[in-house]
Amino acid sequence: PGSWRGVIEEYRERLPVTADTPVVTLLEGGTPLLPAPRVSALTGCEVFLKVEGLNPTGSFKDRGMTMAISKAAEAGAKAVICASTGNTSASAAAYAVRAGMMCAVLVPQGKIALGKLAQALVHGAKLLQVDGNFDDCLELARKLAVDYPVALVNSVNPFRLDGQKTAAFEVVDTLGDAPDVHCLPVGNAGNISAYWMGYQEYAADGVAARTPRMAGFQASGAAPIVRGEPVPKPSTIATAIRIGNPASWQLAERARDQSRGLIDAVTDREILAAYRLLAREEGVFVELASAASVAGLLRSVSSGAIERGLRVVCTVTGNGLKDTDWALSGAPAPITVPVDAHSAAIELGLA
Ligand code: F0G
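The rules behind the values
Residues numbered from 1 in each chain as written. Predicted model: local features only at pLDDT ≥ 70, side-chain atom pairs only at ≥ 80, totals over all residues. Heavy atoms only, no water. Core = buried A, V, L, I, M, F, W, Y, C linked by side-chain atoms within 4.5 Å. Buried < 20%, exposed > 50% of the residue type's maximum accessible area, 1.4 Å probe, protein only. Helix = DSSP H or I, 4+ residues; strand = E, 2+ residues; numbered from the N terminus. 1 Å grid on protein atoms, 1.4 Å probe; cavity = no way out; pocket = protein on both sides within 12 Å on 5 of 7 lines; lining within 4 Å. Points joined across faces, edges and corners; volume = space filled by probe spheres on them. Nonpolar A, V, L, I, M, F, W, Y, C, P; charged D, E, K, R; others polar. Near = heavy atom within 4 Å. Polar contact = N/O pair within 3.5 Å; in protein donor to acceptor, adjacent residues only side chain to side chain. Areas by Shrake-Rupley, 256 points an atom, 1.4 Å probe, with all protein chains shown as cover. Sits in = over half its atoms within 2 Å of the grid points. Pairing = 2+ DSSP bridges. Axes fitted to C-alpha atoms, helices over the stretch in contact; angles between N-to-C directions. Contact = heavy atoms within 4.5 Å. Salt bridge = Lys/Arg side-chain N within 4 Å of Asp/Glu carboxyl O. Phe/Tyr/Trp six-rings, centres within 6.5 Å; stacked < 30°, edge-to-face > 60°.

Participant: Break down the nonpolar core for me, citing the residues and quoting the values.
Facilitator: Ranked by internal contacts, the top residues of the largest apolar core, which has 37 residues, are L49, C183, L297, I306 and V312. Taken together, the elements giving at least two residues each to this core come down to β2 (46–51), β7 (181–185), β8 (213–219), β9 (262–266), α12 (268–282), α13 (292–303) and β10 (311–316). At 6 residues, the largest contribution of residues to this core is made by α12. Core analysis: the next-biggest nonpolar cluster, separate from the first, contains 30 residues, A168, F169, L175 and W196 among them.

Here it is in structure tokens:
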């Protein structure tokens, strides 16, 4: 045991890489599995947060991107492309830098958090805003990857899911077995599918004694899997999961059904409440979409869909610093004081 080597080296024998694969890594993975005492008290469950915002570019996408970019490099790619609600583009841009590749990103105009836009730009990605939603961007990216010499690194690239399944390995490696329930936000539906792959693989090989029930949560204005049909104009404040026609729809339904789990919708109001709860009661700053996992757990415990007393892991997928708008909205403006201890003490309610 030395320092963490990134998900490819840590789980090399479980990933489709060979000695010839150039490993492009920012030492992603190895994220904390943090006990959540307040959420546990509220739900009567033993709740842990898998804090994926602590990955190199601030989201879980880095686990998949190290694989996608390494395999693209192995195949000789000089350029990569992705559609994104922000996090995939931030991750692709950073890993493309490490690989010396050009990175093109397509994002829905005006609908991605500014921090994510800044990440893609600072890493030198070629960014186009598309006059459409994420689903339109993905369709465009797929077409470009067919007709031009550029590799697609969205989660329709199977290497992405291979990389992302390592998060399930880490949960089992830490807890000694799978939890009873694993809660996740669902957007394009790749991550819930990847976790299910990871849990199944560990159970099949006897590393884990069991698999968890997978519980996925979409935003109610962007909940095609819950409704059973694509949503042409998805709408939610959680822009990361504002997706109306998820690419991994079938895989996610399979994860739900095989695990005897559920996929449900949470309202924007519930997402915002969970976001504030995590910040103010757990000391964990996540982005809005990430709070959907915890919002979903709270809802499911109230409805009885998830029973009290269980061991539950909620993945919080992205770092709150990516999108400070919602942190600042509703917060009081800072008070200015002179360089004077007494005045400061009065404003702080100490005097
Ligand atoms: N949480 C965050 C913070 C995300 O950025 C995403 C997806 C999800 C959850 C949902 O994961 O798509 O695997 O179901 N973001 C993609 C992107 C779409 O472009 O960054 P999923």
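Participant: Go over the layout of surface pockets with me, naming the residues and quoting the values.
Facilitator: If a probe the size of a water molecule is rolled over the atoms, the empty space left behind becomes visible. Considering only enclosed or pocket space, the largest pocket measures out at about 230 Å³ in volume. For the largest pocket, the full set of lining residues is Y275, R276, A279, R280, F285, W326, A327, S329, G330, A331 and P332. Mapped onto the lining of the largest pocket, the elements with two or more residues apiece are α12 and α14 (325–328). The element contributing the most residues to the lining of the largest pocket is α12, with 4 residues. In terms of residue class, the lining of the largest pocket is built from 7 nonpolar, 2 polar and 2 charged.

Participant: Report on the site of the ligand, specifying residues and quantitative values.
Facilitator: The ligand sits among 19 residues. The nearest are S84, N188, A189, N191 and T317. Residue N87 places a side-chain N or O atom 2.8 Å away from an oxygen atom belonging to the ligand. Protein coverage of the free-state accessible area of the ligand, which is 480 Å², stands at 98%. With respect to the pocket detection grid, the ligand is positioned in the largest cavity. Class assignment for the residues of the shell around the ligand results in 7 nonpolar, 10 polar and 2 charged.

Participant: With reference to specific residues and values, describe the pairing of β9.
Facilitator: Most of β9 is tucked away, with 4 of its 5 residues classed as buried. Summarising the sheet, β8 and β9 pair through 5 bridges and their orientation is parallel. Paired with F217 across the strands is D264, a residue of β9.

Participant: Requested: an account of the sheet that holds strand β1 (residues 33–35), with residues and values cited.
Facilitator: One open sheet holds the 6 strands; their spatial order is β1-β2-β10-β7-β8-β9, and the pairing between them is mixed. At either end of the open sheet lies a strand with only one pairing partner, and these are β1 and β9. Sheet twist, expressed as the average angle between the axes of neighbouring strands with direction ignored, equals 25 degrees. Packing of helix α9 (residues 190–204) onto the sheet brings it into contact with β2, β7, β8 and β10, and relative to β8 it is tilted by some 175 degrees.

Participant: Any chance you could break down the pattern of salt bridges for me, citing the residues and the numbers?
Facilitator: Taken as a whole and judged by the stated rule, the model has 19 salt bridges. With a closest N to O distance of 3.1 Å, E281 and R38 form a salt bridge. On the criterion of sequence distance, the pair formed by E281 in helix α12 and R38 in helix α2 (residues 37–43) is long-range, its members being 243 residues apart. Across the pair R256 and D257 runs a salt bridge whose closest N-O atoms are separated by 2.8 Å. When its relative accessible area of 48% is taken as the criterion, D257 is described as partly exposed.

Participant: Got a sec to walk through empty space enclosed by the protein? Specific residues and values, please.
Facilitator: Per the stated rule, a full pass over the model turns up 1 cavity of 30 Å³ or more. The computed volume of the largest cavity comes to approximately 340 Å³. Lining the largest cavity are 29 residues, with F60, K61, G187, N188 and A240 sitting closest to its centre. Mapped by element, the contributors of at least two residues to the lining of the largest cavity are α4 (87–99), α7 (158–164) and α9. No other element matches α9, which puts 3 residues into the lining of the largest cavity. A per-class count over the lining of the largest cavity returns 11 nonpolar, 15 polar and 3 charged.

Participant: Can you explain the side chain of S70? Please cite residues and give values.
Facilitator: Positionally, S70 belongs in helix α3 (residues 61–74). Side-chain polar atoms of S70 contact the backbone oxygen of P22, separated by 3.4 Å. Discounting chain neighbours no more than four positions away, the residues touching S70 are I8, T21, P22, V23, V24 and M65.

Participant: Break down the sheet that holds strand β6 (residues 151–152) for me, with residues and values.
Facilitator: Read from one edge of the open sheet, 4 strands run β5-β4-β3-β6, paired in parallel fashion. Edge positions in the open sheet fall to β5 (126–130) and β6, since each of these has one partner strand only. Inspection of the sheet shows strand β3 (residues 79–83) paired to strand β4 (residues 102–108) by 5 bridges, in the parallel sense. Residue A83 lies in a different strand from β4, and its bridge partner there is L106.

Participant: Tell me about the packing of aromatic side chains, and name the residues and values.
Facilitator: Per the counting criterion, the structure on display carries 4 aromatic pairs. Between Y11 and F169, the aromatic rings sit 5.2 Å apart at their centres with planes inclined by 55 degrees, giving tilted as the arrangement. A residue pair is termed long-range when its members are at least 10 positions apart, and Y11 in the loop between α1 (7–10) and β1 and F169 in helix α8 (residues 166–175) qualify at 158 residues. Taking the relative accessible area as the measure of exposure, Y11 reaches 7% and is therefore buried. F169 sits in the buried class, given a relative accessible area of 0%.

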